[in-house]
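# Remarks on the overall topology
Read off the chains here:
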Amino acid sequence: MANSLTDRDRAVIWHPYTQHKGFIPPIPVIKGKDSLLFDDRGNSYIDAISSWWVNIHGHSHPHIAQKVYEQALRLEHVIFTGFTHEPAVALAERLLPLLPGEFHRVFYSDNGSTAVEVAIKMAIQYWTNQGINRNKVLAFRHSYHGDTFGAMSVSERSVFTDAFREFLFEPVFIDTPTPENIAGLLSFLRTHGSECAGFIYEPLLQGAGGMRMYDAALMDKLLAAAAKENILCIADEVLTGFGRTGKLFAGEYLQHKADIICLSKGLTGGSMALGVTATTERIFAAFLSDDKRKTLFHGHSFTANPLACSAALASLDLVQQPAFREGIARIVRRHESFLETLRDYPVVRNARMLGTVLAFEISAGRDEYVNTISPAITREALAAGIYLRPLGNTVYFLPPYCVTEKEMDQVYTFLVHCLVSFFSEQPIT
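One structure accompanies this document, and this report is about it. What you see is a predicted model; the values in this text were computed from it and never measured.

With respect to the helices, strands and loops of the structure, threonine 378 is situated in helix H12 (residues 373-383). With residues up to four places along the chain from it excluded, the contact list for threonine 378 reads Ile24, Tyr387, Leu388, Arg389 and Pro390.

Turning our eyes to something else, we now look at the pattern of salt bridges. For the structure shown, the criterion picks out 13 salt bridges. A salt bridge links arginine 165 to aspartate 162; its shortest N-O distance comes to 2.6 Å. When its relative accessible area of 40% is taken as the criterion, arginine 165 is described as partly exposed. Overall, aspartate 162 belongs to the partly exposed group, its relative accessible area being 42%. Across the salt bridge formed by arginine 334 and aspartate 409, the nearest N and O atoms sit 2.5 Å from each other. Of this pair, arginine 334 sits in helix H11 (residues 322-342) while aspartate 409 sits in helix H13 (residues 405-423); the two residues are 75 residues apart in sequence, bridging distant segments of the chain.

To continue, consider the layout of surface pockets. Where empty space is left becomes clear once a probe the size of a water molecule has been rolled over the atoms. The space that makes up the largest pocket amounts to roughly 1,600 Å³. Lining the largest pocket are 46 residues; nearest its centre among them are Pro16, Tyr17, Thr18, Tyr387 and Arg389. Secondary-structure elements contributing two or more residues to the lining of the largest pocket are helix H1 (5-12), strand E3 (44-47), helix H2 (50-53) and H12. With 5 residues, H12 is the largest single contributor of residues to the lining of the largest pocket. Along the lines of polarity and charge, the residues of the lining of the largest pocket split into 26 nonpolar, 13 polar and 7 charged. Here the second largest pocket is characterised by a volume of approximately 870 Å³. If you trace the second largest pocket, you find 32 residues lining it, with Phe80, Val106, Phe107, Phe284 and Leu296 closest to the centre. The biggest single contributor to the lining of the second largest pocket is strand E4 (residues 105-109), with 4 residues. Here the residues of the lining of the second largest pocket sort into 15 nonpolar, 14 polar and 3 charged.

For the rest of this paragraph, the subject is the side chain of glutamate 407. As for its placement among the helices and strands, glutamate 407 is situated in helix H13. Arginine 330 provides the closest opposite charge to the buried, salt-bridge-free glutamate 407, at an N-O distance of 7.3 Å. Those residues in contact with glutamate 407, other than ones at most four positions away along the chain, are Ser35, Leu36 and Ile46.

For tryptophan 52, which is not a glycine, the phi torsion comes out positive at approximately 65°. Within the secondary structure, tryptophan 52 is located in helix H2. The backbone of serine 60 shows a phi angle near 55°, a positive value even though the residue is not glycine.

Alternating residues of strand E2 (residues 36-39) divide into Leu36 and Phe38 and Leu37 and Asp39, and every residue in both groups is buried. Linkage of strand E1 (residues 29-33) to E2, two consecutive antiparallel strands, is achieved through a turn of 2 residues, within which aspartate 34 is found at a positive phi near 55°.

Phe199, Tyr201 and Met211 are the most contacted members of the largest nonpolar core, which totals 101 residues. Excluding residues within four positions of it along the chain, methionine 211 makes contact with Trp53, Leu205, Gln206, Leu239, Arg352, Val357, Ala359, Leu391, Thr394, Tyr396 and Leu398. Residues Val137, Ile200, Ile234 and Cys262 belong to the second largest nonpolar core, which totals 26 residues.

This part is about the packing of helix H7 (residues 182-192) against helix H8 (residues 216-228). Where H7 contacts H8, the axes come no closer than 9 Å and their chain directions differ by 10°. Our classification of the angle between H7 and H8 gives roughly parallel. For the pair H7 and H8, the contacting residues are Ile182, Leu185, Leu186 and Leu189 in the first and Leu218, Lys221, Leu222, Ala225 and Ala226 in the second. Counted by class, the contact of H7 with H8 contains 8 nonpolar, no polar and 1 charged residues.

Conventions adopted
- Residues numbered from 1 in each chain as written.
- Predicted model: local features only at pLDDT ≥ 70, side-chain atom pairs only at ≥ 80, totals over all residues.
- Heavy atoms only, no water.
- Helix = DSSP H or I, 4+ residues; strand = E, 2+ residues; numbered from the N terminus.
- Contact = heavy atoms within 4.5 Å.
- Salt bridge = Lys/Arg side-chain N within 4 Å of Asp/Glu carboxyl O.
- Buried < 20%, exposed > 50% of the residue type's maximum accessible area, 1.4 Å probe, protein only.
- 1 Å grid on protein atoms, 1.4 Å probe; cavity = no way out; pocket = protein on both sides within 12 Å on 5 of 7 lines; lining within 4 Å.
- Points joined across faces, edges and corners; volume = space filled by probe spheres on them.
- Nonpolar A, V, L, I, M, F, W, Y, C, P; charged D, E, K, R; others polar.
- Lys, Arg positive; Asp, Glu negative; His and termini not counted.
- Pairing = 2+ DSSP bridges.
- Core = buried A, V, L, I, M, F, W, Y, C linked by side-chain atoms within 4.5 Å.
- Axes fitted to C-alpha atoms, helices over the stretch in contact; angles between N-to-C directions.
- Parallel < 35°, antiparallel > 145°, perpendicular 65-115°, else oblique.

In structure tokens:
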């Protein structure tokens, strides 16, 4: 149809992370329910990546929708400088006790990248407000923290950042800890730690960098060394928060806690845009001054939007229900079982899981984001009623917690189909 939603989209829309020359035409989604998305022809698709990792309770959850509706009838938005409102305060009151650490203050923003921007600015200004010159930021190689300039600066130099390389500030990149490198990492911190304002990391799981997983015990040693050098630790839990790793937050696996934590994605159950940067009272106190120049000069027009805060409060209602924990446990059990199946296929490398995240590499082409196997798998998956979007040749399955046994079986069966196709030397193209 000449006037189909897909045709109209192609005439006016610029999609994220999309090379529009020769791209797969966008599917017009008209509704979502639980783990399923429905197009304009009545076809359904299992949302096997939780719509870029945000959806945790399922689409169009009635409890979240009702709370957003009720809030919209009272107050849709108000400037958050000079005003406050119940949803913002109530969300901070409920969220802070759940976080892994001694957090006392919440700064609201719009998404994960801006939550990281705020955290970086807090860490740097914390020291400048005290007249102390600590101007380096530590970050992990293979990291990804967002697409705004500060977030790109502390992310791995890659296809995501190449066009802007000369405009980014240079952090100090170190490897994630392994038994082989931990001694060297600890030595590096002892020697250079006094120069570092902060250390930003994705705890235990590097998402867009390829679903890379690393050891909690070794990370604890690294965090202990950072704390000894008084480096402010920033946990980017934008992906790992709200149950993705099996615990409510990945920081719960670690004895040494962060000074700043960044949240988004699952914060509102995936229903609306909202970011949180939570800090300790110690960091907040460094900005208290009669000198107005020590203010954190950062804000967004939609900071602490009441509708988004209401969605987050409704999501927390669901997080604290038994069905939330049961859903996570069910996915973990099924992933553990399928992990053994994956290891039977020589084409599979590094099959792994952490909580609700299952990932592996397919041995086809280079290990990189632009590996053409990704759109090939996406195309085949859509034909099978599944939405998967591999990170290059890294395939992962990360569903909403309401996913059914039947839906998981459908995804696992499709993945085996892909592996058989490649193993028989007749790869999908």
